[in-house]
Amino acid sequence: PKVRNEGVVYNQFTAPADGLAQIGIGCDWWFQAFVNGREYASTWESGNGSGAYVPTDNPFLVRVRKGQNLLAVKVRRGGQSWKFSCGDVPFRQPNLPRLTSGPWLANPDAGGMTVRFLSLGEVGSGIELRPKGATEWQTHWDQRNGRILQRRFHEIHLKNLKENALYEYRIVMLNPQRPSEKVYPQKDQIHTFRVPDHNRSEFSFFFTADLQYPPEQQREVLGKLLDAADGGSCDLIVFGGDIGSTFEDMERDMLDRIMAELVKRGGSERPLITVRGNHELRGREAEKFEEFFGTSEGRSYALYRFGNTAFLMLDGWEDKRADSPGADYCKYNLDDLFWQQQTAFLKQAMQSDAWQSAKYRIVLCHGAPYSHYDGCKTMPFKLQELTDPYF
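The paragraphs below set out a description of the structure included in this document. None of these values were measured; they are calculated from a predicted model. (Residues numbered from 1 in each chain as written. Predicted model: local features only at pLDDT ≥ 70, side-chain atom pairs only at ≥ 80, totals over all residues. Heavy atoms only, no water.)

1. Considering helix α4 (residues 335-350)
Piece 1. For α4, spanning 16 residues, the distance from its first C-alpha to its last is 22 Å, which sits close to the expected 22 Å at 1.5 Å a residue.
Piece 2. Listing the buried residues of α4 in full gives Asp335, Phe338, Trp339, Gln342, Phe345, Leu346, Ala349 and Met350. Taken around the axis of α4, the buried residues stretch over an arc of 125°, which confines them to a single face. Opposite the packed face of α4, turned more than 90 degrees from it, sit the exposed residues Asp336, Gln340 and Gln348.
Piece 3. On the buried face of α4, the contacting elements are β20 (302-306), β21 (309-313), α5 (353-356) and α6 (379-387). (Helix = DSSP H or I, 4+ residues; strand = E, 2+ residues; numbered from the N terminus. Expected span 1.5 Å × (residues − 1). Buried < 20%, exposed > 50% of the residue type's maximum accessible area, 1.4 Å probe, protein only. Arc of directions from axis to C-beta. Contact = heavy atoms within 4.5 Å.)

The structure is reproduced here in structure tokens:
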């Protein structure tokens, strides 16, 4: 047989009820899969992607009906062989160009902004951006060194934006089955945001912290707070730390509850500053905090210039030292290294023009070293030690 010769294989199977099933296909080198006449998966453009040629190469979901169903697979031969395998596979999240969380904005600064969101599976994604009123879109991919990243969590750091300008953006993804095809998971939905500048003198921000309620109450409480304060109309949102108690599953504990409520009330169009509290350091997935909510450098402390105001975000770290007896949740913390790094950052920030030229200066941190202490905790004392040379 010659390369690119084609054939079709059929399989009739019985389903006990209407629903979804997952199967997988591997082949050398191209295939299209149909169930009951509908196409569900294809490597016609990209190829198999693996030389193993096993079903787990390309898992996908199909809709089945009770009784008889027909699977038809069109196969095109590759250059090495005509290998083909198909079968039931252990469940694996299919890679689909769909939005599961977000988008939300972060890192508001003069001339800059970050857009973050999650896709359903590992998908190449980005945003299309344009100034309000313009007709042409400019694409900004979630990429590294010129390669679009295929992953679930996406962040696009925008720089050199025009200060005080209003921009529009929309989410764009590549279809994993046909990478040449762009998909817009929110269809015609377009979001807007205004870029901070150095001269803006009037703006509002919403602040809350310590939403340590049972899971079923967290989202309800946040929604009521945002409604009561008209938070959806604020220019900036601030979460001041301890938004939950522990983070065993960051997506479930933070994105599916808290961020979903914020996005519903304008979080896709006004930036969020997320301060890390001591409880954000607790739980199996606490290490994902910087990934979802940190700066573009992956830090939990920052200096933002929003209008004529400088916002200094500090990280109070844990309220117990790593060597505290019985505090197992602290054992992964390198206390001294962390404070050395934040001390170096603060020294640089205090000398910056963004801080020196600001008319107003606001420090955001999950601790109050100048108003009250808890004698059993280290957080306020470490913050005071950090900031005393400057304040």
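2. Some points on the pairing of strand β2 (residues 19-27)
Piece 1. Two elements, β2 and strand β5 (residues 58-64), share seven bridges in a ladder whose sense is antiparallel. Along β5, the bridge assignment pairs Gly19 with Val64.
Piece 2. The pairing of β2 with strand β7 (residues 84-88) spans five bridges and is antiparallel. Bridged to Ile23 within β7 is Asp88. (Pairing = 2+ DSSP bridges.)

3. Topic: the pattern of salt bridges
Piece 1. Summed over all chains, the structure comprises 29 salt bridges.
Piece 2. Of the charged contacts in the structure, one is a salt bridge between Lys264 and Glu261, with a shortest N-O distance of 3.5 Å. Taken together, the residues Lys264 and Glu261, both in helix α2 (residues 250-267) and three residues apart, mark about one turn of the helix.
Piece 3. Residue class for Lys264 comes out exposed when judged on its relative accessible area of 56%.
Piece 4. Within the structure, one salt-bridge network assembled from shared partners comprises Arg219, Asp227, Glu261, Lys264 and Arg265. (Salt bridge = Lys/Arg side-chain N within 4 Å of Asp/Glu carboxyl O.)

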